[in-house]
Amino acid sequence: MRAMSRNDLLLFLGFSAAVLLMPIWMQPFGAAYPDLLQRFMIFAIFAVGFNILFGLTGYLSFGHAAFFGVGSYAAVWSFKLLSLDAIPALVFAIVVSGVFALLIGYMSLRRSGIYFSILTLAFAQMSYNLAYSVLTPITNGETGLQLTLGDPRHLDAAIGQSSVGQPVPTLLGQSLGGFAGFYFCAGFLILAFFLAQRITGSPFGMMLKGIKSNQTRMNYTGFNTKPYTLAAFVISGMYAGLAGALLAVTDPLAGAERMQWTASGEVVLMTILGGAGTLVGPVIGAWLIKYFENIFSAINDSVLRRFFGFLPDGVAEGFVTVTSKFVGEGWFLTLGLVFVLIVVFLPGGIMEGVRRIAGLFNRSRPSPTVPGKPLRQAQPAE
């Protein structure tokens, strides 16, 4: 694998700094508390993995929540049977999710386009219904899978380690609550971003981009694209399993609701909103949606009245009446409007807007000229 270019290295360092400093720069936005920051990290990993399949390869899956849920179940079972340490749980969840993605991908990738999307949706709904009812001994049905003091935890028992009180996941015996849990998840997001960056710039990534551009033409040139699409599907499923396992680490509960079709639709929105096919776009989309979900949904009429308190009473009540439809329980309306505006005016997502702004600045700079050498004139054929 080739060395990182200067631009890639700067992007990675800038992204890492932004992630690690989130407790500081998210403070003015009211989102600097650990639980929300952990969700920012987890769903960003989910979106980065989904982007490898959708943004890079061009295959739209409506069933990635199945791998997210499987990762959660696998992690909780690892906590119950093996150890409360998070590392074995994450490894187990990634392996199980990868095997599950291999089976689902092998069957779904026999079709392409909308038929592939419907197949993945069908498999996800089957997984949800199995977890909700049929596989109750494994998933505990609608109650969800939880940790108890009576769990065997054979690895912990072998080294004489026991938990006092409600068992919680740890890292080498240290609690993962609060900001420790955030930095634990942040480390995995940085690692996931680095791997996605390397995949994108590798020959394998170039092949995936070619498949997205014109898979039929690549088949005609003699390339067998099926192993590449299956590999992208499995890698994407393993990313989703990692995200689900991290959610189980921060909240040791696995439920069937994490496998619903709405969770699959959410990661699609994250990727499109930020910019499918870009590295940073899906992360921004995930952060934006989770910010709306957790901050906008908490704004009520009393908060709005304090915000518009400087206005006359009648005018303030009018503003409160109008804006209350877009916050609190109506935060979906705000998110929908943002999504419509992005799709209509920035089809490439938020990152397209960033590129346009950067293009304006570059256009305003004078182009460098060499003394004594005339500027090259554009020819009509060009």
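Let me sum up the structure you'll find in this document. (Residues numbered from 1 in each chain as written. Predicted model: local features only at pLDDT ≥ 70, side-chain atom pairs only at ≥ 80, totals over all residues. Heavy atoms only, no water.)

### Focus on the layout of surface pockets
Computed from the structure, the largest pocket encloses a volume of approximately 420 Å³. Elements supplying a minimum of two residues to the lining of the largest pocket: α5 (86–108), α6 (113–134), α10 (203–220) and α11 (226–250). Here the lining of the largest pocket is built from residues that sort into 7 nonpolar, 10 polar and 4 charged. (1 Å grid on protein atoms, 1.4 Å probe; cavity = no way out; pocket = protein on both sides within 12 Å on 5 of 7 lines; lining within 4 Å. Points joined across faces, edges and corners; volume = space filled by probe spheres on them. Helix = DSSP H or I, 4+ residues; strand = E, 2+ residues; numbered from the N terminus. Nonpolar A, V, L, I, M, F, W, Y, C, P; charged D, E, K, R; others polar.)

### A short note on the nonpolar core
Grouped together as the largest cluster of nonpolar side chains are 96 residues, with contacts concentrated most on Phe40, Met41, Ile45, Leu246 and Trp287. The leading source of residues in this core is helix α3 (residues 34–56), at 16 residues. Leaving out residues up to four positions away in the same chain, Phe40 has contacts with Met22, Met26, Ala31, Trp287, Lys290 and Tyr291. (Core = buried A, V, L, I, M, F, W, Y, C linked by side-chain atoms within 4.5 Å. Buried < 20%, exposed > 50% of the residue type's maximum accessible area, 1.4 Å probe, protein only. Contact = heavy atoms within 4.5 Å.)

### Quick word on the pattern of salt bridges
With the rule as written, the count across this model stands at 7 salt bridges. The shortest N-O distance in the salt bridge between Glu266 and Lys290 comes to 3.4 Å. Note that Glu266 is positioned in helix α12 (residues 261–274) and Lys290 in helix α13 (residues 281–294), a separation of 24 residues in sequence. The pair Glu266 / Lys290 is uniform in exposure class, with both members buried. Residue Lys290 pairs with Glu293 through a salt bridge whose shortest N-O separation is 2.9 Å. A residue pair is termed a helical-turn pair when its members lie 3 or 4 positions apart in one helix, as Lys290 and Glu293 do in helix α13 at 3 residues. Relative accessible area serves as the criterion here: at 27%, Glu293 is assigned to the partly exposed category. Ionic contacts of the salt-bridge type, sharing partners, join the residues Lys80, Asp151 and Arg153 into one network. (Salt bridge = Lys/Arg side-chain N within 4 Å of Asp/Glu carboxyl O.)

### What to know about α13
Two residues of an α-helix separated by three or four positions point the same way, owing to the 3.6 residues in each turn. The first and last C-alpha atoms of α13 sit 20 Å apart over 14 residues, in line with the 20 Å expected at 1.5 Å per residue. A large share of α13 lies buried, amounting to 10 of its 14 residues. Those residues of α13 lying buried are Gly281, Pro282, Val283, Gly285, Ala286, Trp287, Ile289, Lys290, Tyr291 and Phe292. (Expected span 1.5 Å × (residues − 1).)

### Thoughts on empty space enclosed by the protein
With the rule as written, the count across this model stands at 3 cavities of 30 Å³ or more. Roughly 40 Å³ of volume is contained in the second largest cavity. For the second largest cavity, the full set of lining residues is Ser61, Gly63, Ala66, Phe67, Phe100, Ile104, Thr120, Phe123, Ala124, Ser127 and Phe233. Counting only elements with at least two residues in the lining of the second largest cavity, the list comes to α4 (65–81), α5 and α6. Partitioned by chemical class, the residues of the lining of the second largest cavity number 7 nonpolar, 4 polar and no charged.

### Focus on the packing of α13 against helix α16 (residues 331–345)
Where α13 meets α16, the axes come as close as 9 Å, and the angle between the chain directions of the two elements is 155°. When the interaxial angle is binned, α13 and α16 end up roughly antiparallel. For the pair α13 and α16, the sense of crossing is right-handed. In this structure, α13 contributes Leu288, Ile289, Phe292 and Glu293 to the contact, and α16 contributes Trp331, Thr334, Leu335 and Val338. (Axes fitted to C-alpha atoms, helices over the stretch in contact; angles between N-to-C directions. Parallel < 35°, antiparallel > 145°, perpendicular 65-115°, else oblique. Left-handed = near helix turned anticlockwise from the far one by under 90°.)

### Side note on the side chain of Thr200
As for its position among the elements, Thr200 is in helix α9 (residues 179–201). Polar side-chain contacts of Thr200 include one of 2.7 Å to the backbone oxygen of Ala196. Sequence-distant contacts of Thr200, that is, excluding residues within four places in its chain, are made with Leu56, Gly205, Met206, Lys209 and Leu279. (Polar contact = N/O pair within 3.5 Å; in protein donor to acceptor, adjacent residues only side chain to side chain.)

### Quick look at α10
Across its 18 residues, α10 extends only 19 Å between first and last C-alpha, which sits more than 12% below the 26 Å expected from 1.5 Å per residue. Roughly 115° is the biggest bend found in α10, and it falls at Asn214. The set of residues buried in α10 consists of Gly205, Met207, Leu208, Gly210, Ile211, Gln215 and Met218. Buried residues belonging to α10 abut α3, α9 and α11. After α10 finishes, the residue Gly222 shows a positive phi value of roughly 105°. (Bend = angle between axes of the 7 residues up to and from the residue.)

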